[in-house]
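# Per-entry structural report
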Amino acid sequence: MMYDYEFGDLCFDEDKMGMKVTSGIVTINKDPTTNLIGITIGGGPPHCPCIYVIQVSDNSPASLDGTLESGDEILAVNNECVRGRTKLQVAQMIQSSVDRVILKYNKLHADARQGKTLDIVLKKVKHRLVERMSATTADSLGMSRAILVNDSLVKRLQQLDDMEHSYRHLVDHTERVLRAFYALTQCFKEFGDTFAEIGAREPQPRASEALVRFAEYHRRMERQGLMLIKALKPISRSFGTYLNKAIPDTKQTIRKYADVKFEYLSYCLKVKELDDEEITYCSADEPLYRIETGNYEYRLVLRCRQLARKRFAALREDVLAKIELLENKHVHDVVGQLHAIASQMASYNCEISQMMLGGGNSSSEPPLFPIEMDLTRTAFQYESVQPPVSDCFQDDQDDDNLLAQADNPRVYRDTPPLSQKNDEPISALTELAQLHLNTEKTDTENTENQTQTVTSPLLLDL
């Protein structure tokens, strides 16, 4: 559909910027308390040839109906054409209606990607920069902060980063504790096996029984320790889920929310710039091409702002819900899990202490300690702690023996080794040594007597 708008001597055709327009009729029931339908209109003579919807209020009859959107053109009110009427006159026509209003409109089928121009992208970048600046710095750089809001949800990103750092340390510490506790259970197992072997070899029945019980307690400590680790593993995995899923998902949602918020603020800033431009031209009574051809550029920005605002509101609700869930989990679940870890480990330690000091789970069992045993009656053979005789020293002793045998072959031939067992008193060995010394002295003084036969009662006794 093509319209020709005539103002004085000028005639302009509509410039729809490639957008499609369709007509329709809608009936909206008015709010009984305010007598309004919840729309804001703009345009109209003397500068704009059409009346269009600027904004639809939240939770209003028009918003709940969902037919009219920002940028749609109003053609008639209650079957009365509004062409040539000002926006104040059209507003009075709507307010004068009772209970409901019948509106004929032209629906603007706008694509949000068409309105996301380079100017909008640059404005998003500007908002991202100004968000992290102080007011003094922004004013010094000439960046307006009038349209920005101090959003507490975006500031939660830093708090979530700190929380993520804390939970990462908590998860790492929990994993290290569980690994160390598993190593401790393996020590209990080794102790149990070792004491079981000692108890099996111990010849004293009472000591053997005590050592076997001591070994069994260690094996029981290992089994209970493994059961404790199995019970604590789900808590550690819960910490990991909180760290690797809940916090990153909330942070990602906040980032998306911030991006949509910056886009929405960019469209708001663009609408303000177009309004200021229109006011400037109208005050100078100068024509503006986009306004006199239906103001489709402005209406496209209005539609994009409405869509961005819907996404902004939806993501804000999502962020609020996730942050509330995260805080509840942090306050209740995490504290409860830490209490569960501490209580289970305390119960394990009490049970082990009772078992080792009180004689086990059964009250009829006698106390384990002290373990009484006679160390002189042991089944173990211990090696000598004296250093072994060197080979050189042994060779010297062998040489001396050979020389002594050569000097007095009869004596050493008839003398048994000293290590041989006999029933003679120790004095016989002393006399044998004295005889050996006397023989060496006699050989030195007179070599002729070397062939004499040496007789001794000691040798005869041996």
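Residues numbered from 1 in each chain as written. Predicted model: local features only at pLDDT ≥ 70, side-chain atom pairs only at ≥ 80, totals over all residues. Heavy atoms only, no water.

Turning to the overall build of the chain, a few remarks are in order. Secondary structure summary: the chain contains 13 helices and eight strands in total. Each of the 462 residues in the chain was classed as buried or not, and the buried ones make up 36%. Looking at the chain alone, contacts between residues at least 24 apart form 73% of all its contacts between residues at least 6 apart. (Helix = DSSP H or I, 4+ residues; strand = E, 2+ residues; numbered from the N terminus. Buried < 20%, exposed > 50% of the residue type's maximum accessible area, 1.4 Å probe, protein only. Contact = heavy atoms within 4.5 Å.)

Residues Tyr52, Tyr167, Met221 and Tyr348 are the most contacted members of the largest nonpolar core, which totals 56 residues. Residue contributions to this core peak at 20 residues, all from helix α7 (residues 205-283). With near-sequence residues (within four places) excluded, Tyr348 lies in contact with Phe181, Phe188, Met221, Gln224, Gly225 and Leu228. The next biggest cluster of nonpolar side chains, apart from the first, holds 19 residues, and it includes Ile39, Met93, Ile94 and Val101. (Core = buried A, V, L, I, M, F, W, Y, C linked by side-chain atoms within 4.5 Å.)

The next point concerns the pairing of strand β4 (residues 39-43). Most of β4 sits out of view: four of its five residues are buried. Here β4 pairs with strand β5 (residues 51-56) via five bridges, running antiparallel. Following the sheet pairing, Ile41 is matched in β5 by Val53. (Pairing = 2+ DSSP bridges.)

Turning our eyes to something else, we now look at the state of the cysteines. Under the criterion given, the structure shown has zero disulfides. Unpaired in this structure, Cys48 has its nearest cysteine sulfur neighbour in Cys50, at a distance of 3.8 Å. (Disulfide = S-S within 2.5 Å.)

Mean pLDDT over the chain works out to 76, with 70% of the residues at or above the 70 mark. pLDDT under 50 marks residues 1-10. Its contacts with residues more than four places away, or in other chains, come to 24 contacts. This stretch, residues 446-462, has a pLDDT under 50; its non-local contacts, to residues over four places away or in other chains, come to 13 contacts. (pLDDT = per-residue confidence, 0-100.)

Before going further, it helps to spend a moment on helix α2 (residues 87-95). Those residues of α2 not exposed but buried are Val90, Met93 and Ile94. Taken end-on, α2 shows its buried residues confined to a sector of 100°, consistent with a single buried face. With respect to the buried face of α2, the exposed residues turned more than 90 degrees away are Leu88 and Gln92. The inward-facing, buried residues of α2 contact β4, β5, β6 (73-77), β7 (80-81) and β8 (100-109). (Arc of directions from axis to C-beta.)

The next subject is the pairing of β6. With five of five residues buried, β6 is to be regarded as a mostly interior element. Bridge analysis of β5 against β6 gives two bridges, and the strand direction is antiparallel. Within β6, the residue paired with Tyr52 across the bridge is Glu73. The pairing of β6 with β8 spans four bridges and is classified as antiparallel. The partner of Glu73 across the bridge, within β8, is Asn106. Pairing geometry for β6 and β7, over two bridges, is antiparallel. What sits directly across from Val77, in β7, is Glu80.

A cluster of nonpolar residues, Leu118, Val121, Leu122, Val125 and Leu129, forms a patch on the protein surface that exposes about 450 Å² of accessible area. One can find Val121 in helix α4 (residues 118-131). Judged by its relative accessible area of 35%, Val121 is partly exposed. (Patch = residues over 30% accessible without salt bridge, like charges linked within 9 Å, V, L, I, M, F, W, Y side chains within 5 Å. Areas by Shrake-Rupley, 256 points an atom, 1.4 Å probe, with all protein chains shown as cover. Salt bridge = Lys/Arg side-chain N within 4 Å of Asp/Glu carboxyl O.)

Moving on, we get to the pattern of salt bridges. Evaluated as defined, the whole model comprises 25 salt bridges. Across the pair Arg85 and Glu80 runs a salt bridge whose closest N-O atoms are separated by 2.7 Å. Of the charged contacts, one joins Lys189 and Asp193 as a salt bridge, the two residues approaching to 3.4 Å between their closest N and O atoms. Highlighted residues: Lys189 and Asp193, both in helix α6 (residues 152-201), separated by four residues, approximately one helical turn. For Lys189, a relative accessible area of 30% puts it in the partly exposed group. A cluster of three or more residues bridged by salt bridges with shared partners is formed by Lys116, Lys124, Asp259, Glu263 and Arg311.

Turning our attention to the environment of Met345. Take Met345: it is sitting in helix α9 (residues 296-358). Spatially, the C-alpha atoms of Met345 and Leu232 are 9.3 Å apart, while their sequence positions differ by 113 residues.

The next thing to look at is the side chain of Lys251. Turning to its location among the elements, Lys251 is positioned in helix α7. Given a relative accessible area of 8%, Lys251 falls into the buried group. Not counting the four nearest positions on each side in its chain, Lys251 is found in contact with Leu157, Leu160, Asp161 and Glu164.

Take the packing of aromatic side chains next. A complete count under the given rule lists six aromatic pairs for this structure. Ring centres 6.1 Å apart and planes at 65° place the aromatic pair Tyr52 and Tyr298 in the edge-to-face group. Here Tyr52 is found in strand β5, whereas its partner Tyr298 is found in helix α9, with 246 residues between them in sequence. For Tyr298, a relative accessible area of 3% translates into the label buried. An angle of 70° between the planes, with centres 5.2 Å apart, marks the rings of Phe181 and Tyr348 as edge-to-face. In this pair, Phe181 sits in helix α6 while Tyr348 sits in helix α9, placing the two residues 167 residues apart along the sequence. Note on Tyr348: relative accessible area 7%, which makes it buried. Here Arg299 stacks its cationic end above the ring of Tyr296, 4.3 Å away from the centre of that ring. (Phe/Tyr/Trp six-rings, centres within 6.5 Å; stacked < 30°, edge-to-face > 60°. Lys NZ or Arg CZ within 6 Å of the ring centre and 35° of its normal.)

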